[in-house]
Amino acid sequence: MANPQTPGIASARLDAATLSENFADLHPPLSAHEAAVAADRCYFCHDAPCITACPTDIDIPLFIRQIATGFPEAAARTIFDQNILGGMCARVCPTETLCEEACVREAAEGKPVEIGRLQRHATDAAMARQGHPYARAPETGKRVAVVGAGPAGLACAHRLAMYGHAVTIYEARPRPGGLNEYGIASYKSVDNFAAREVDWLLGIGGISLEHGRSLGTDLSLEELRADHDAVFLGIGLGGVNALGAAGDDRDGVTDAVTFIADLRQTRDLTTLPVGRHVVVIGGGMTAVDAAVQAKLLGAQDVTIAYRRDQDAMPASRYEQDLATARGVRILSNVMPKAILGNGTAAGIELEYTTVTDGRVTGTGETLHLPADMILRAIGQRLVPVDGLEMAGGKIAVTGPGRTSVPGLWAGGDCTPGEDLTVVAVAEGRDAAEDIHAALTGAG
Amino acid sequence: MADLTTTFLGISSPNPFWLASAPPTDKEYNVRRAFEAGWGGVVWKTLGESGPPIVNVNGPRYGVVHGADRRVLALNNIELITDRPLEVNLEEMARVKADWPDRALIASIMVPCDEASWKAILPRVAETGCDGIELNFGCPHGMSERGMGSAVGQVPEYIEMVTRWCKTYYDKPVIVKLTPNITDIRYPARAAKNGGADAVSLINTVSSITSVNLDTLSPEPSIDGKGSHGGLCGPAVKPIALNMVAEIARDPETRGLPISGIGGVTTWRDAAEFMVLGAGNVQVCTAAMTYGFKVVQEMITGLAMWMDEKGYRATSDFIGQAVPNVTDWQYLNLNYVTKARIDQDACIKCGRCYAACEDTSHQAIWMHEGRVFEVNDAECVACNLCVDVCPVENCITMERLPAGSVDPRTGKVVSDDYANWTQHPNNPASQAAE
Ligand SMILES: Cc1cc2nc3c(=O)[nH]c(=O)nc-3n(C[C@H](O)[C@H](O)[C@H](O)COP(=O)(O)OP(=O)(O)OC[C@H]3O[C@@H](n4cnc5c(N)ncnc54)[C@H](O)[C@@H]3O)c2cc1C
Ligand SMILES: Cc1cc2nc3c(=O)[nH]c(=O)nc-3n(C[C@H](O)[C@H](O)[C@H](O)COP(=O)(O)O)c2cc1C
Ligand code: SF4
């Protein structure tokens with residue numbers, strides 16, 4: 001067996017028991033009593049700020065009161081009415097910058113009501129029950145194509161199916177869920193939750209899922225539009241940005257999203273290789289997730305190298321603390337200059353930076369870090385879709401996801417707005433409402 | 001540190017905290033440990049007649065009202081008086097009193113409502129050397145169906161009669177323990193006084209059903225699928241008890257009658273509230289049953305610190321000091337005009353004041369852009385609801401309008417003259433007087 005000091009890239013740096021402990025639930029579920037105590041802290045605010053802060057507008061005070069009075073299943077219904085992926089959102093939402101940041105008890109005491117964990121308590125209770133909670137309206141005879149089985153596509157498909165439309169989801173990858181399945185950090189979605197949630201969601205009926213169907217490869221927009229009454233694109237961001245540093249092609253240099261996707265799809269983590277010295281380039285949620293998980297896999301040292309001031313990191317303070325608490329070092333004001341090594345990465349040369357008026361400039365001073373694994377986490381980008389108007393590198397939309405092409409809607413990461421699961425759900429849902437209105441002449 | 005020594009009916013105890021007659025005072029073992037923990041006195045668990053002791057149920061005897069986090073807000077019980085033989089209790093009492101001469105020991109008694117029964121038990125109780133007796137006219141369940149407890153306490157004539165027997169056959173202080181399960185507490189208190197009682201103690205438990213099990217449809221506590229009403233005690237009953245104590249303290253017919261305050265005393269603060277309203281000491285049951293005997297230590301230090309802060313040297317300095325401030329509604333000053341004021345720096349923007357006022361009061365709070373809440377003086381009737389529902393202490397306060405200013409709600413100039421309902425022009429009685 002290898003250990004954290006084993007040179008190069010190696011698997012089994014930690015034993016199976018340690019790995020399973022490391023990748024356990026980040027926020028374990030609340031017991032019924034803990035939930036009652038946590039729920040009691042909610043003030044049931046008037047026109048509550050947390051609702052406004054939630055991209056899907058869940059009636060948070062109401063669902064918390066339903067937990068407090070003994071019916072988490074009723075609470076779940078309140079959640080699902082607005083957000084059918086409320087289970088996943090409860091696990092992955094950066095609540096510290098959303099609902100919990102807006103909680104008046106955050107203002108009062110610096111300790112918000114634990115909305116995320118309460119939401120999980122409610123949704124877990126409902127999902128533990130047999131069956132799907134919603135009934136489908138009678139068939140309308142309308143057919144809608146949804147491209148991409150990520151949060152945006154799934155939310156859109158569910159709402160449309162509920163209204164009685166027949167939905168076909170075309171998904172390029174072998175498994176549904178999008179980044180829920182391939183991207184979210186393992187310890188946020190344990191026990192195969194992403195897949196279980198998709199199964200549960202499909203329980204509504206009226207949705208068929210076709211895997212290995214890729215728009216632009218074996219499907220065209222024209223075909224889709226010809227065969228369906230409406231089309232929704234929820235294709236996320238398939239491309240990754242390039243590093244632009246010398247030696248970017250050396251062995252050991254990988255995209256953080258690929259590293260994470262492999263990790264998410266590996267059943268036996270002792271088989272997953274990781275470097276001894278890992279450097280992650282970037283400063284967002286992906287960088288943090290990749291760094292933390294590399295550390296948890298047994299890397300000896302892991303450094304996040306970020307080009308601006310630490311305050312400017314897109315990852316929230318909470319995420320940064322999570323990383324440092326796991327032993328990840330955050331270096332700010334450094335940018336990659338060259339990947340060193342002979343075919344295989346052995347180190348990285350970083351240059352210190354200063355930021356003036358938002359512009360990053362190198363100071364000329366450099367430093368070298370040993371690095372046998374370098375993970376690029378400098379952003380994903382849209383793989384362009386022909387024939388659509390674009391806005392800032394994404395698909396331009398107006399209102400509830402209407403693209404420049406009639407009959408074609410889009411939402412989620414592939415459209416402008418924050419790249420978050422909950423935002424994708426909101427956009428998918430709202431597009432579905434608009435599609436429904438268009439198809440039934442109610443709009 | 002202030003001296004907590006309190007003399008009640010001539011009985012001195014190192015502090016005013018007595019344990020009420022109940023499970024905490026059921027036997028020698030408990031009472032010794034209570035004294036070791038610092039309790040100033042105990043009222044022994046109620047004694048019954050000699051002969052076969054009464055029996056309790058063998059299923060659960062307590063129900064509960066929980067707050068969040070299972071904080072005990074109230075207990076309810078269907079326990080009866082002591083289920084141990086009279087002789088055993090008397091022997092134990094004598095031993096404990098001999099070993100703890102500086103602590104108060106009171107015998108609580110409940111025997112049938114005939115003179116012979118009282119005449120029989122009183123000399124035996126006297127032999128123990130205890131400092132006085134308390135007549136249990138309060139227990140609302142079980143014993144009352146046998147013509148004792150609250151069956152006596154609800155009939156003032158019986159109270160007077162039994163009290164008189166006790167004063168005849170017993171020469172130490174007699175305390176009459178009152179039941180709250182009656183419409184006007186002043187009547188039984190007057191009866192006790194007329195019978196010669198040295199003091200009243202109140203309240204005993206409030207008749208109650210704490211909860212119903214919605215699966216079995218049985219009241220709790222459930223005994224084989226059935227429940228019986230019990231007696232409620234603990235923090236939830238304190239407001240009821242405070243009012244009853246104050247009513248007796250300010251009733252011209254009972255004014256000056258010593259009172260032992262009981263009902264929901266949980267902290268030093270509760271005790272102080274009972275005492276300023278006229279109680280000469282307090283008795284505690286539920287707090288001890290919830291937290292153990294050690295709670296008295298907080299009561300002792302808390303009360304002493306409060307006394308130091310206020311400059312009271314002895315408990316007699318503050319006992320009854322709030323009684324003159326308890327009055328009838330008709331004497332409240334109608335010229336005391338206040339308006340709610342919201343401290344914008346303290347406000348956490350929950351909007352509870354707005355919901356409460358807008359939906360259920362006087363539509364006197366504006367919700368401005370950015371969740372800024374402001375009181376509209378032209379509508380505010382000063383009801384205080386916003387203050388009560390605000391989760392932040394002192395964020396909303398009621399501020400008095402200065403004399404000479406105009407109340408925007410009524411358009412009237414505020415006066416600092418005292419004027420009450422009896423003088424108000426809308427009062428038909430006041431007009432008739434003119
Ligand atoms: C590493 C990582 C961690 C993250 N962690 C969090 C987090 O903790 N909390 C949070 O809120 N957000 C997080 N996010 C962001 C979040 O995952 C996304 O915002 C969200 O998944 C977007 O949903 P989507 O449906 O728009 O796209 P995706 O989830 O990307 O789904 C798009 C789907 O479309 C499919 N697809 C793409 N192109 C085609 C095509 N041409 N034809 C057919 N199918 C196609 C893809 O295979 C995929 O299944 C994270 C993102 C990453 C990368
Ligand atoms: C289980 C239980 C048994 C009680 N038994 C008696 C009793 O035998 N005699 C009596 O006078 N009061 C009895 N009481 C009433 C208490 O002495 C006291 O008046 C009441 O509990 C209110 O005080 P608290 O709120 O501090 O508990 C009992 C109370 C409880 C909870
Ligand atoms: S302490 Fe609990 S278990 Fe013991 S007698 Fe009392 S109720 Fe029953």
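If you're wondering where the values come from, they're calculated on a predicted model, not measured in any experiment. (Residues numbered from 1 in each chain as written. Chains lettered and ligands numbered in written order. Predicted model: local features only at pLDDT ≥ 70, side-chain atom pairs only at ≥ 80, totals over all residues.)

Draft legend 1. View of the overall build of chain A. Per the secondary structure count, chain A includes 17 helices and 19 strands. Over its C-alpha atoms chain A spans a radius of gyration of 23 Å, differing by no more than 12% from the 22 Å that the globule rule assigns to 443 residues. Residues classed as buried in chain A amount to 47% of the 443 residues present. A separation threshold of at least 6 residues defines the contact pool for chain A, and within that pool the share at least 24 residues apart is 70%. (Helix = DSSP H or I, 4+ residues; strand = E, 2+ residues; numbered from the N terminus. Rg over C-alpha atoms; globule rule 2.2 N^0.38 Å. Buried ≥ 20, exposed ≤ 12 C-beta atoms within 10 Å, placed from the backbone. Contact = placed C-beta atoms within 7 Å.)

Draft legend 2. Here's a closer look at the overall build of chain B. Along the backbone of chain B there are 13 helices and 20 strands. Projected onto its principal axes, the C-alpha positions of chain B cover 75 × 55 × 50 Å. Out of the 434 residues in chain B, the part that is buried amounts to 44%. Long-range pairs, those at least 24 residues apart, make up 70% of the contacts in chain B with a sequence separation of at least 6.

Draft legend 3. Structural detail: the interface of chain B and chain A. Of the residues lining the interface, 12 residues belong to chain B; the matching set on chain A comes to 11 residues. Residues belonging to the side of chain B that touches chain A are distributed by class as follows: seven nonpolar, one polar and four charged. (Nonpolar A, V, L, I, M, F, W, Y, C, P; charged D, E, K, R; others polar.)

Draft legend 4. Expanded view of the packing of helix H8 (residues 268-276) of chain B against helix H10 (residues 295-310) of chain B. Residue and element names in this part refer to chain B. Remark: H8 packs on H10, axes separated minimally by 8 Å, with the N-to-C direction vectors making an angle of 60°. One element, H8, and the other, H10, form an angle in the oblique class. For the pair H8 and H10, the sense of crossing is right-handed. Taken together, the residues of H10 that come into contact with H8 (itself represented by Trp268, Arg269, Ala271 and Ala272) are Glu298, Met299, Gly302, Leu303 and Trp306. Classifying every residue of the contact of H8 with H10 by side-chain character gives six nonpolar, one polar and two charged. (Axes fitted to C-alpha atoms, helices over the stretch in contact; angles between N-to-C directions. Parallel < 35°, antiparallel > 145°, perpendicular 65-115°, else oblique. Left-handed = near helix turned anticlockwise from the far one by under 90°.)

Draft legend 5. Here's a closer look at the site of ligand 2. Residue and element names in this part refer to chain B. In the region of ligand 2, 28 residues are neighbours, and Ala20, Thr46, Cys233, Cys285 and Thr286 sit closest. Mapped onto the shell around ligand 2, the elements with two or more residues apiece are strand E4 (41-47), strand E6 (72-77) and helix H9 (286-291). Tallied by class, residues from the shell around ligand 2 come to 13 nonpolar, 12 polar and three charged. (Near = placed C-beta within 6 Å.)

Draft legend 6. Region of interest: the sheet that holds strand E10 (residues 301-305) of chain A. Residue and element names in this part refer to chain A. With parallel pairing, five strands are arranged side by side in an open sheet as E7-E15-E9-E10-E11. A single partner strand is all that each edge strand has here, and the edge strands are strand E7 (253-255) and strand E11 (329-331). Adjacent strand axes in the sheet meet at a mean angle of 25° when their direction is disregarded. Both E10 and E11 contribute to a ladder of three bridges, which runs parallel. Residue pairing for E11: Ile304 is matched across the bridge by Ile330. (Pairing = 2+ DSSP bridges.)

Draft legend 7. Looking closely at the site of ligand 1. Residues and elements named next belong to chain A. Lining the immediate surroundings of ligand 1 are 39 residues, of which Gly148, Gly150, Gly178, Gly236 and Gly412 lie closest. Mapped onto the shell around ligand 1, the elements with two or more residues apiece are helix H10 (151-162), strand E3 (166-171), helix H14 (256-265), helix H15 (285-297) and helix H17 (421-440). Per-class residue counts for the shell around ligand 1 are 20 nonpolar, 13 polar and six charged.

Draft legend 8. Quick peek at the domain arrangement of chain A. All names here are of chain A. The domain boundaries assigned to chain A delineate domain 1 (32-127), domain 2 (143-238 + 382-440) and domain 3 (240-376). A C-alpha centroid distance of 26 Å is found between domain 1 and domain 2. On the domain 2 side, the residues contacting the 12 residues of domain 1 number 17 residues. For the side of domain 1 that touches domain 2, the residue count by class is eight nonpolar, three polar and one charged. (Domains from an automatic or database assignment.)

Draft legend 9. Inspection of the environment of Leu19(B) at higher detail. By secondary structure assignment, the location of Leu19(B) is in strand E3 (residues 17-19). Judged by C-beta crowding, with 30 C-beta atoms within 10 Å, Leu19(B) ranks as buried.

Draft legend 10. Main features of unusual backbone geometry. Residues Leu202(B) and Ile203(B) are joined by a peptide bond in cis, for which omega reads 10°. Considering the arrangement of structural elements, one finds Ile203(B) in the loop between strand E10 (199-202) and strand E11 (206-208). With an omega of -5°, the peptide bond between Glu220(B) and Pro221(B) qualifies as cis. Within the secondary structure layout, Pro221(B) lies in the loop between strand E13 (218-220) and strand E14 (230-233). Located in the positive-phi region is Asn192(A), a residue other than glycine, with phi close to 60°. In this structure Asn192(A) comes out as exposed when scored by C-beta crowding, with 11 C-beta atoms within 10 Å. Despite not being glycine, Leu217(B) has its phi angle at roughly 60°, a positive value.

Draft legend 11. A look at helix H12 (residues 193-202) of chain A. Listed as buried for H12(A) are Phe193(A), Ala194(A), Glu197(A), Val198(A), Leu201(A) and Leu202(A). Across the axial projection of H12(A), the buried residues extend over an arc of 165°, all falling on one side. (Arc of directions from axis to C-beta.)

Draft legend 12. Fine view of the nonpolar core. Counting 148 residues, the largest nonpolar core has Phe232(A), Val280(A), Ala290(A), Ala291(A), Ile374(A) and Leu375(A) as the members making the most contacts within it. In this view, Ala291(A) contacts Val280(A), Val302(A), Ile304(A), Ala323(A) and Val328(A); residues no more than four positions away in its chain are not counted. Listed in part, the 93 residues of the second largest apolar core include Trp118(B), Phe137(B), Leu178(B) and Val284(B). (Core = buried A, V, L, I, M, F, W, Y, C linked by C-beta atoms within 7 Å.)

Draft legend 13. Quick look at the environment of Asn394(B). If you trace the backbone, Asn394(B) turns up in the loop between helix H12 (385-389) and strand E20 (396-400). When the C-alpha atoms of Asn394(B) and Pro258(B) are compared, they prove to be 36 Å apart, with 136 residues separating the residues in sequence.

Draft legend 14. Highlighting helix H2 (residues 32-40) of chain A. Residue and element names in this part refer to chain A. Within H2 the residues assigned to the buried category are Ala35, Ala38 and Ala39. Axial view of H2: buried residues confined to an arc of 100°, hence all on one face. Structurally, H2 contributes buried residues whose contacts are with helix H4 (60-68) and helix H9 (115-127).

Draft legend 15. Looking closely at the sheet that holds strand E8 (residues 132-136) of chain B. Residue and element names in this part refer to chain B. In space, the eight strands of this closed barrel follow the order E3-E4-E7-E8-E9-E10-E15-E16, with parallel pairing throughout. The sheet shows a mean angle of 25° between the axes of neighbouring strands, direction not considered. For E3 and E4, the ladder comprises two bridges, and the chain directions are parallel. Across the sheet, residue Leu19 finds its bridge partner in E4, namely Val42.

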